[in-house]
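Per-entry structural report
Chain residues, written in single-letter form:
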Amino acid sequence: REHLILEAVERVRAAFDAAGIEWLAFKGVALIREGLYRPGERSLADADLLVTPEDATMAVRALEGAGFRPWLPWDPDRLLRLPAFTLHAPSAIGEAEDAAALVATVDLHWSTRYDELLSRERPDRDPLWSGALADAGHPGVEEHFVMIADHFSKHLRVTTHLTGIADLVRLLPRLSDPERLLRAARIRGIERRVARVSDLLVERFGVDPERLRVLPPPLRPTGTPLPAALTPEVLILRHGVPERRTGGLRLRWAMGADPLRDLVGVLFPGRRWLAARHPEASSTLVRRLRHWREVVAWVAGRGVSPLSPNQEFE
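Residues numbered from 1 in each chain as written. Predicted model: local features only at pLDDT ≥ 70, side-chain atom pairs only at ≥ 80, totals over all residues. Heavy atoms only, no water.

Focus: helix α8 (residues 191–203)
For α8, with 13 residues, the first-to-last C-alpha span of 18 Å sits near the 18 Å given by 1.5 Å per residue. Every buried residue of α8 is listed here: Arg193, Val194, Ala195, Arg196, Val197, Ser198, Asp199, Leu200 and Leu201. (Helix = DSSP H or I, 4+ residues; strand = E, 2+ residues; numbered from the N terminus. Expected span 1.5 Å × (residues − 1). Buried < 20%, exposed > 50% of the residue type's maximum accessible area, 1.4 Å probe, protein only.)

As structure tokens, this is what we get:
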């Protein structure tokens, strides 16, 4: 599966280079291509790739022309309300019974702003482009480290991307620029979140604090006790999923997210996002009412989150 996904990325690269599309690989695919893992050491579920919002439609068309199949028809409004679009390469073994296990999936992103709710508009260029190695199609080491810490902590409320811990530890020896680390965290607004991930590395996974001295003080371990749900036993055996949805939010806040900012972002999304989410509604007021109804249904456990990706598959 790993080799099929890496081969698919080379097909993506050829298609994007032919179309003149700027792109980056990030997370697992980038780390394997950079040599931080030997073949077979890190599992891959998909390939995470980043393009600019301006190139997203052209990127989808280029991949379709290269034989990739989208999960859903492309809708340009998706750029206003979601961060990514998923496609897959046809299985290398055709229509055999176990073909699904060998499908190479590509998640095409135009935003890696995991610190923000999907409803917040992002007029600026994604932070991962800063310091990127464009020729290789990889992010800068410091920016990548901060993004992976953000991704790990953001998803804790629903699942545990435990490979993120290994990714961070593998990246540590390559970090060399504290100023870039701090700048990358501040652009995303997640200094406290990175510090809490540092706490987790030291307190629960036994990383030597000296290895974190490359981090600037705002990103170093705080020494504040971590929630019980963040023990390795819970993370590994129970996947870190809280029993209640509000419990997941409490875990998110314990990892450094701002509760007030979350509340405002959930209850008062921007007009453009609302229009893209509810294009059939006649006015902004009607769209807000429908959005609030969806939020209440999610809190009550009777509906999917209106602010999460891939909710078309309810």
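Details of the environment of Pro225
Assignment of secondary structure puts Pro225 in the loop between α8 and α9 (232–237). On the accessibility criterion, Pro225 (65% relative accessible area) is exposed. Linking Pro225 and Glu203, residues 22 residues apart in sequence, is a C-alpha distance of 8.8 Å.

Digging into the packing of helix α1 (residues 2–19) against helix α3 (residues 56–65)
With their axes 9 Å apart at the nearest point, α1 and α3 run at an angle of 125° to one another. Here α1 lies oblique to α3, going by the angle between them. Once α1 is placed against α3, the crossing between them reads as right-handed. Across the interface between the two elements, Val12, Ala15, Phe16 and Ala19 from α1 touch Met58, Ala59, Ala62 and Leu63 from α3. The class makeup of the residues in the contact of α1 with α3 is 8 nonpolar, no polar and no charged. (Axes fitted to C-alpha atoms, helices over the stretch in contact; angles between N-to-C directions. Parallel < 35°, antiparallel > 145°, perpendicular 65-115°, else oblique. Left-handed = near helix turned anticlockwise from the far one by under 90°. Contact = heavy atoms within 4.5 Å. Nonpolar A, V, L, I, M, F, W, Y, C, P; charged D, E, K, R; others polar.)

A short note on the sheet that holds strand β5 (residues 104–109)
Taken in spatial order, the 5 strands make up an open sheet running β1-β2-β5-β4-β3, and their pairing is mixed. Strands with a single pairing partner mark the edges of an open sheet, and in this sheet they are β1 (24–26) and β3 (69–70). Sheet topology places β3 next to strand β4 (residues 84–89); 2 bridges connect them, and they run antiparallel. Bridge pairing links Arg69 to His88 in β4. (Pairing = 2+ DSSP bridges.)

Notes on a nonpolar patch on the surface
On the surface, Leu260, Leu263, Val264, Phe268, Leu285, Leu289 and Trp292 cluster together into a nonpolar patch covering about 710 Å² of accessible area. When contributions to the nonpolar patch are tallied by element, the ones reaching two or more residues are α11 (259–267) and α13 (284–299). Since its relative accessible area comes to 31%, Trp292 is described here as partly exposed. (Patch = residues over 30% accessible without salt bridge, like charges linked within 9 Å, V, L, I, M, F, W, Y side chains within 5 Å. Areas by Shrake-Rupley, 256 points an atom, 1.4 Å probe, with all protein chains shown as cover. Salt bridge = Lys/Arg side-chain N within 4 Å of Asp/Glu carboxyl O.)

What about the pattern of salt bridges?
Between side chains of opposite charge, pairing is possible as soon as their charged atoms come close. For the structure on display, the rule yields 16 salt bridges. For Arg125, the salt bridge identified is with Glu22, shortest N-O distance 3.2 Å. Of this pair, Arg125 sits in the loop between β5 and α5 (141–155) while Glu22 sits in the loop between α1 and β1, and the two are 103 residues apart along the sequence. Looking at Glu22, the relative accessible area reads 35%, which means it is partly exposed. Here Glu210 and Arg213 are joined by a salt bridge, their closest N and O atoms 3.9 Å apart. Overall, Glu210 belongs to the exposed group, its relative accessible area being 54%. By sharing partners, the salt bridges in this structure join Arg38, Glu41 and Arg170 into a single network.

Section: the packing of aromatic side chains
If you walk through the whole model with that rule in mind, you get 4 aromatic pairs. Measuring from ring centre to ring centre gives 5.0 Å for Trp74 and Phe85, while their planes differ by 80°; the resulting arrangement is edge-to-face. Note that Trp74 is positioned in the loop between β3 and α4 (78–81) and Phe85 in strand β4, a separation of 11 residues in sequence. Relative to Trp110, the ring of Trp74 has its centre 5.7 Å away and its plane inclined at 80°; by these criteria the two rings are edge-to-face. With Trp74 in the loop between β3 and α4 and Trp110 in the loop between β5 and α5, the pair connects residues that are 36 residues apart, well separated along the chain. When sorted by exposure, Trp74 lands in the same class as Trp110, which is buried. Grouped by ring-pair contacts, the aromatic residues Trp74, Phe85 and Trp110 constitute a single cluster. When the ring centre of Phe68 is taken as reference, the NZ or CZ atom of Arg11 above it lies at 5.0 Å. (Phe/Tyr/Trp six-rings, centres within 6.5 Å; stacked < 30°, edge-to-face > 60°. Lys NZ or Arg CZ within 6 Å of the ring centre and 35° of its normal.)

Thoughts on the environment of Leu49
By the secondary structure assignment, Leu49 is in strand β2 (residues 47–50). Placed 89 residues apart in sequence, Leu49 and His138 show a C-alpha to C-alpha distance of 9.6 Å. In contact with Leu49, not counting residues within four places along its chain, are Val12, Trp23, Leu24, Ala25, Phe26, Val106, Asp107, Leu108 and His109.

Structural notes on the pairing of β5
Burial of β5 is extensive: 6 of the 6 residues sit out of reach of the surface. Both faces of β5 are covered, namely the face carrying Ala104, Val106 and Leu108 and the face carrying Thr105, Asp107 and His109.

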